[in-house]
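Tertiary structure, described
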Amino acid sequence: MDLLFATVAAFQPWKALINGIVALIEWLFKLTLDIGMPSYVLAIFVMTILIKLLTQPLMNKQMRSTRKIQLLAPQAEEIKKRYATNPQKMNQLTMDLYRENGASPTAGCLPMLIQFPILIAFYNAIRTLATNGAAYPEHFSIPWIGG
């Protein structure tokens, strides 16, 4: 398991993403410093909102796809009952049902594959700041993260 984490940590684009997020948080912190309320927590809060705004279109696509699949579930169940003895025919008719209605079972998962690495990088950026990277450590008080 440690080898996996070491391999991922050595992946340069991953490091660049984490360093970019750290730089954005530092920039947001400097804004809070300029307005007289220095707080890494506030900077992280604003960064969280920015990430949410950037990933919202993906989340919307995921939710629409999931909703279509839910609406088609009764028809898919009917196909499953009717062709229980013929799995090939059942799968074909189910996929035809989804295709006719513009639904895709994988469209609900694919946006998450883009969002998840961003959220993991954000978490790692916060850990980096908490453990050794904060320019003003006295304004960084999130006791449950880092050391």
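Refer to the structure printed above.
As the structure is a computational prediction, the values presented were derived from the model and not from experiment. (Residues numbered from 1 in each chain as written. Predicted model: local features only at pLDDT ≥ 70, side-chain atom pairs only at ≥ 80, totals over all residues. Heavy atoms only, no water.)

1. Some words on the packing of helix H2 (residues 12–34) against helix H3 (residues 40–82)
With their axes 8 Å apart at the nearest point, H2 and H3 run at an angle of 125° to one another. In terms of orientation, H2 and H3 fall into the oblique class. At the point where H2 passes H3, the crossing takes the right-handed sense. Across the interface between the two elements, Ile21, Leu24, Ile25, Glu26, Leu28, Phe29 and Thr32 from H2 touch Tyr40, Leu42, Ala43, Ile44, Val46, Met47 and Leu50 from H3. (Axes fitted to C-alpha atoms, helices over the stretch in contact; angles between N-to-C directions. Helix = DSSP H or I, 4+ residues; strand = E, 2+ residues; numbered from the N terminus. Parallel < 35°, antiparallel > 145°, perpendicular 65-115°, else oblique. Left-handed = near helix turned anticlockwise from the far one by under 90°. Contact = heavy atoms within 4.5 Å.)

2. A closer look at a nonpolar patch on the surface
On the surface, a cluster of nonpolar side chains totalling about 460 Å² of accessible area is made up of Phe45, Val46, Ile49, Leu50 and Leu53. Tracing the backbone through its elements, the reader meets leucine 50 in helix H3. (Patch = residues over 30% accessible without salt bridge, like charges linked within 9 Å, V, L, I, M, F, W, Y side chains within 5 Å. Areas by Shrake-Rupley, 256 points an atom, 1.4 Å probe, with all protein chains shown as cover. Salt bridge = Lys/Arg side-chain N within 4 Å of Asp/Glu carboxyl O.)

3. A closer look at H2
For H2, which comprises 23 residues, the first-to-last C-alpha distance of 33 Å matches the rise-based estimate of 33 Å (1.5 Å per residue) to within 8%. Taken residue by residue, H2 has Trp14, Ile18, Ile21, Val22, Ile25, Glu26, Leu28, Phe29 and Thr32 as its buried positions. Looking at the residues trailing H2, positive phi occurs at glycine 36, about 90°. (Expected span 1.5 Å × (residues − 1). Buried < 20%, exposed > 50% of the residue type's maximum accessible area, 1.4 Å probe, protein only.)

4. So, the nonpolar core
Residues Ile18, Ile21, Ile25, Met47 and Phe122 are the most contacted members of the largest nonpolar core, which totals 17 residues. Breaking this core down by element, the ones donating at least two residues are H2, H3 and helix H5 (110–133). Broken down by element, the residue count for this core peaks at 7 residues, all from H2. Look past the residues within four positions of isoleucine 21 in its chain and what remains in contact with it is Met47, Ile118, Ala121, Phe122 and Ala125. Counting residues in each nonpolar core, the second largest holds 7 residues, with Leu72, Ala76, Met90 and Tyr98 among its members. (Core = buried A, V, L, I, M, F, W, Y, C linked by side-chain atoms within 4.5 Å.)

5. Some thoughts on the packing of aromatic side chains
This structure, assessed with the given rule, holds 1 aromatic pair. Considering the side-chain rings of phenylalanine 29 and tyrosine 40, the 4.0 Å spacing of their centres and the 5° angle between planes classify their relative orientation as stacked. Residue phenylalanine 29 is located in helix H2, and its partner tyrosine 40 is located in helix H3; the two are separated by 11 residues in the primary sequence. Of the two residues, phenylalanine 29 and tyrosine 40, neither departs from the other in class, the shared state being buried. (Phe/Tyr/Trp six-rings, centres within 6.5 Å; stacked < 30°, edge-to-face > 60°.)

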